[in-house]
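# Survey of secondary and tertiary structure
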Amino acid sequence: MPYIRYTKSAEYNDSGEFPLIVQYNFKYLIEWWQEQLNNPGGYEDDRAAEVLKRLELHPILNNPFTDVTILEKHQEDVQLLLSPFFPSLTTTNETRAACMPYQDYFFNTTERFAKILDDADGNIDIPKNSKDSMYVFGCIPILNGLYGAGINFARNFYFDIPDKKTGIIKRYRAFFNGDFADIKPLHKIELCPKDIRELINNFDNVALWKEKIPPQSFLYEGITIITLFDVTREEAISALKYDLLKKDALVMPDIVERIRTNLSALLNVPMLKTGFISWNKERNLLQSIGYGIWNSIVLRDKKVKKIEEAFCQESEEIIFNKKTSFILPEIIEGESRSTVLTAQLIKQKLKSYLAIPLLYNNELVGVLELGSENLDELNSITPHKLEEVIPLFTSALKRSQEEFENQLETIIRQKCTAIHPTVSWRFTEAAERLVQSLRFFSDADLEEIVFENVFPLYGQVDIQSSSTKRNQAIQSDLIEQLTSADLVLEKTINIFPLPVYKELQFRIHNYIKRLENGLVSGDETQVLEFLQADIYPVFSHIKTLDPDIQEALNSYKKQLDPSLGMIYKQRKDYEQSVKLINDKVSDYLDKMQIAAQKMFPHYFEKYQTDGVDHNIYIGQSMVNNNTYHTLYLQNLRLWQLLLMCETENNVQRLKPNMKTKLEICSLILVHSNPMTIHFKIEEKKFGVEGAYNIRYEIIKKRIDKAFVNETNERLTLPGKIAIVYSQDKDAKEYINYLEYLQSINYIGPEIEWLTLKDMQGVTGMKALRVDVIYQNAFSGNIKESKAVEVLERLN
């Protein structure tokens with residue numbers, strides 16, 4: 001049975017500050033009934049006489065009124081008057097009531113409308129506007145209806161009605177039927193087109209509107225019929241789109257809460273819990289998105305987890321391998337199968353759970369979680385209800401991941417420069433923690449990056465006597481340039497035998513004699529300054545004195561490098577030869593590293609000077625998703641030996657192309673004890689910790705200058721590989737590797753056992769030394785590499 005109902009929302013207008021006086025009046029509805037009576041065969045002609053006769057018994061309903069108790073007192077008569085528009089057949093499925101605009105009062109409600117009000121306890125949230133805005137809105141129908149203004153100001157009108165039991169807020173769109181209401185002037189108000197244009201162009205000037213249309217100058221009387229349509233789904237989807245397109249949509253707590261509320265309304269699931277998980281495939285990690293750890297259900301107790309720590313085997317297979325939704329419609333403590341997943345859900349008092357994989361270009365990037373405290377509220381139908389919004393969640397998550405990665409890259413680039421891929425996971429982890437800390441502590445800094453119990457490998461390919469070769473090249477170029485300058489002066493003296501020219505020639509001869517005895521520090525600078533300050537000003541003068549002198553000067557200038565202004569022949573040949581060696585060695589190392597990393601990830605770095613050095617660190621602490629075994633260290637040591645032999649062969653093949661003949665010396669330093677290395681942020685490189693480990697760094701810097709004990713022979717010699725060690729167990733291990741190299745004809749039959757002379761800070765060192773056999777058939781192609789073959793066997 002329809003009945004009368006107040007709402008509990010605040011007054012929608014202040015009648016003293018409103019252009020309209022609103023009154024209830026059934027006049028227009030009664031006129032409708034009279035039309036039915038005068039139209040035999042009409043829709044309600046058989047009932048019209050009865051209705052009109054009954055109204056004669058209650059004349060109060062024929063007059064305007066504002067007292068709503070009249071509606072309550074004459075409820076049956078009101079229902080009869082409105083019955084054609086409120087058929088009993090639709091009372092349970094239509095949301096309809098009678099009312100007057102700008103009044104918080106509904107009457108003659110359908111049963112469906114009444115139930116909605118009951119569930120809301122009468123608390124209807126109507127989008128509010130300021131009193132000034134409401135005044136203007138009240139004027140617009142006056143201008144359109146009575147003055148023909150034609151202002152197009154159609155607005156959708158919504159009610160937000162909560163269900164007190166579930167907490168879900170439903171949104172309804174309202175449609176008003178104003179056929180039984182009308183606006184009348186209470187005072188004569190003249191408005192010309194100019195006035196109307198002025199009002200339209202000053203929408204926010206409420207004082208002007210009140211001046212043109214004073215308060216309470218018009219009467220709005222009659223009744224209207226309101227019909228509500230449930231648009232909760234459409235509005236929830238629209239709100240989700242709006243929020244999910246925002247930056248930090250899955251991060252900011254207020255946005256996340258709105259998303260949860262709208263999902264709850266969309267699914268009609270009260271107290272819905274939501275979670276957003278980012279999936280890092282490379283590191284095999286699940287990460288909660290946002291501040292703290294409250295943005296995930298399975299990561300409630302920890303911000304980062306591996307899959308097996310959060311999901312059971314079945315859910316892992318469905319979500320991460322099959323990439324389909326995983327559903328637990330009934331979670332009952334003591335009855336549901338106990339897994340790491342159900343244990344977490346039961347702890348949070350959840351009785352149904354849904355995890356939907358979020359796919360970007362068919363690659364899984366994360367998981368959307370939903371949880372309910374009621375059985376079966378999340379079921380196999382739920383994912384289908386969310387089909388429209390899942391792409392929005394995917395895009396928001398992908399955008400959040402990219403923004404987060406950009407933050408991490410910025411931190412790593414600022415703090416650490418380039419990072420080796422093997423250990424980049426640890427720097428990313430530290431950067432993630434820093435990003436989280438900076439949200440709460442502005443002075444937070446990157447945590448210390450430390451790798452414990454790692455084993456080092458060091459190798460060196462050094463150009464023999466590189467400093468001597470470089471000095472010889474400089475010496476030759478300087479002597480040649482001075483000799484050429486001397487020829488110009490000799491030609492000048494023959495034509496103009498001035499003493500000053502002879503004095504300059506004398507100084508040139510002295511510089512040549514000094515250089516022929518050897519280049520010492522400062523010689524190059526002194527010679528070039530002498531030429532610039534004393535010789536070239538004279539050359540500028542004498543070039544105009546005689547054609548033969550001019551020709552001699554032209555010949556001198558042709559020998560100079562145009563960009564350097566000096567003879568640059570021997571040095572150029574030397575530097576090109578060094579570059580040829582370094583490029584070949586470096587390029588081969590890089591190519592071989594690709595294969596070595598596949599065997600087991602390890603840290604690798606190389607440095608180029610006059611030769612190429614490389615450092616390798618390997619150990620469990622350096623890898624994220626692999627299990628270390630000593631076998632990998634042994635294999636890497638054998639690989640390094642093979643690599644040095646093949647590098648020697650590569651350089652040997654370059655010798656015909658070297659304009660300056662250079663030789664290389666190869667060395668390996670063995671260190672059998674694990675060490676701790678840490679990243680030095682100030683220097684942006686790794687360093688060692690502890691006195692014993694620092695000794696290893698000292699040895700690296702000095703070992704290539706070592707001599708064999710009781711001799712004047714250098715440890716490192718061309719055509720040989722030296723293996724430096726301090727413990728006999730290391731020698732025994734390397735003898736096995738060397739015997740293998742002998743079997744494949746990489747090294748000669750002799751193995752030298754050497755003791756090294758002590759150096760400052762370095763004592764007790766020994767070495768093995770072997771001859772490299774140069775392979776005429778070796779092309780330098782890594783496909784022919786025995787080092788790669790060793791790696792592939794282990795893989």
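Here, residues in each chain are numbered from 1, in the same order as that chain's written sequence. Totals for whole chains, interfaces and linings use every residue, but because this is a predicted model, local features are given only for residues with pLDDT of at least 70 and side-chain atom pairs only at 80 or more, for both listing and counting. Only hydrogens and water are set aside; all other atoms, that is, all heavy atoms of the structure, feed into the side-chain values.

## As for the overall build of the protein chain
We apply this condition: Strands here are runs of E lasting at least two residues and helices are runs of H or I lasting at least four, both read from the DSSP assignment and numbered beginning at the N terminus. Here the Shrake-Rupley method, with its probe set to 1.4 Å, supplies the accessible areas, and only the displayed protein chains count as covering residues.
Secondary structure summary: the protein chain contains 25 helices and 24 strands in total. Surface accessibility of the protein chain: about 38,900 Å² in total, with carbon and sulfur atoms responsible for 50%.

## Describing the packing of aromatic side chains
What counts here: Any Phe, Tyr or Trp ring, taking Trp's six-membered ring, that has another such ring centre within 6.5 Å forms a pair; planes under 30 degrees apart are called stacked, those over 60 apart edge-to-face, and the others tilted. Over a ring means this: the NZ of a Lys or the CZ of an Arg is within 6 Å of the ring centre and within 35 degrees of the ring normal.
What the rule picks out here adds up to 27 aromatic pairs. Aromatic side chains Y734 and Y737 sit 5.3 Å apart centroid to centroid with 80° between the ring planes, which places their arrangement in the edge-to-face category. Of this pair, Y734 and Y737 are both found in helix 24 (residues 728–743), 3 residues apart, which corresponds to roughly one turn of the helix. One aromatic cluster is present, built from ring pairs that chain together Y24, F26, F65, Y105 and F107. Sitting above the plane of the Y135 ring, K210 keeps its charged end 5.4 Å from the centroid. One residue, R714, lies across the ring of F707, its end atom 5.7 Å from the ring centre.

## Observations concerning the sheet that holds strand 2 (residues 20–24)
Put simply, the test is: Whether two strands pair depends on DSSP finding at least two bridges between them. Note on definitions: angles span 0 to 180 degrees between N-to-C directions of axes, and those axes are lines fitted to C-alpha atoms, for helices only across the stretch in contact. Whether two residues are in contact is decided by their heavy atoms: any pair within 4.5 Å suffices.
One open sheet holds the 3 strands; their spatial order is 2-8-7, and the pairing between them is mixed. The open sheet has two edge strands, strand 2 and strand 7 (181–185), and neither has a second partner. Along the sheet, successive strands turn relative to each other by an average axial angle of 20°, direction set aside. Alignment of strand 2 against strand 8 (residues 218–222), held across 5 bridges, turns out to be parallel. Each bridged residue has a counterpart across the sheet, and for Q23 the counterpart in strand 8 is E221. Against the sheet, helix 6 (residues 131–147) makes contact with strand 2, strand 7 and strand 8, and its axis sits at roughly 85° relative to strand 7, the strand it touches most.

## Description of the sheet that holds strand 12 (residues 304–305)
Across the sheet, which stays open at both edges, the 6 strands sit in the order 12-11-10-15-14-13 with antiparallel pairing between neighbours. Pairing within the sheet leaves two strands with one partner each, and these edge strands are strand 12 and strand 13 (326–328). Direction of pairing for strand 10 (residues 273–280) relative to strand 15 (residues 363–372): antiparallel, over a ladder of 6 bridges. Note that in strand 15 the partner of T274 across the bridge is L370. Across the sheet, helix 13 (residues 340–347) lies against strand 12, strand 13 and strand 14 (352–360), angled at about 55° from strand 13, the strand it touches most.

## Side note on helix 4 (residues 75–82)
Quick reminder of the rule: Burial classes follow relative accessibility: with a 1.4 Å probe on protein chains only, a residue under 20% of its type's maximum area counts as buried, one over 50% as exposed, and anything between as partly exposed.
Along helix 4, 6 of the 8 residues are buried, which leaves the element largely enclosed by surrounding structure. Listing the buried residues of helix 4 in full gives D77, V78, Q79, L80, L81 and L82.

## Structural notes on the nonpolar core
In plain terms, the rule: Working definition of a nonpolar core: buried Ala, Val, Leu, Ile, Met, Phe, Trp, Tyr and Cys residues. They are joined through side-chain atoms within 4.5 Å.
By size, the foremost hydrophobic cluster in this structure holds 54 residues, and its most contacted members are F26, L29 and F107. Among the elements that make up this core, the one with the highest residue count is helix 6 (8 residues). For F26, the residues in contact, after removing those within four places along its chain, are L61, F65, L71, V78, L81, F107 and I223.

## A look at the environment of G719
Structurally, G719 is set in the loop between helix 23 (691–702) and strand 22 (720–725). Separated by 28 residues in the primary sequence, G719 and I747 place their C-alpha atoms 9.9 Å from one another. Setting aside residues no more than four positions away along its own chain, G719 makes contact with E648, I664, V770, D771, V772 and Y774.

## A few points about the pairing of strand 11 (residues 285–288)
Where burial is concerned, the two faces of strand 11 agree: the one with L285 and Q287 and the one with L286 and S288 are both buried. Pairing geometry for strand 10 and strand 11, over 4 bridges, is antiparallel. Within the sheet, the bridge partner assigned to S278 lies in strand 11 and is Q287. Between strand 10 and strand 11, which pair antiparallel and follow one another directly, the connecting turn spans 4 residues, one of which, N284, has a positive phi of 55°.

## Details of the confidence of the model for the protein chain
Filter applied, for reference: For every residue, the pLDDT score states the predictor's confidence, bounded by 0 at the bottom and 100 at the top.
Residues at a pLDDT of 70 or more form 89% of the protein chain, whose mean pLDDT is 86. In this model residues 1–15 is a low-confidence stretch, pLDDT under 50, and it forms 56 contacts with partners more than four residues away in sequence or in other chains.

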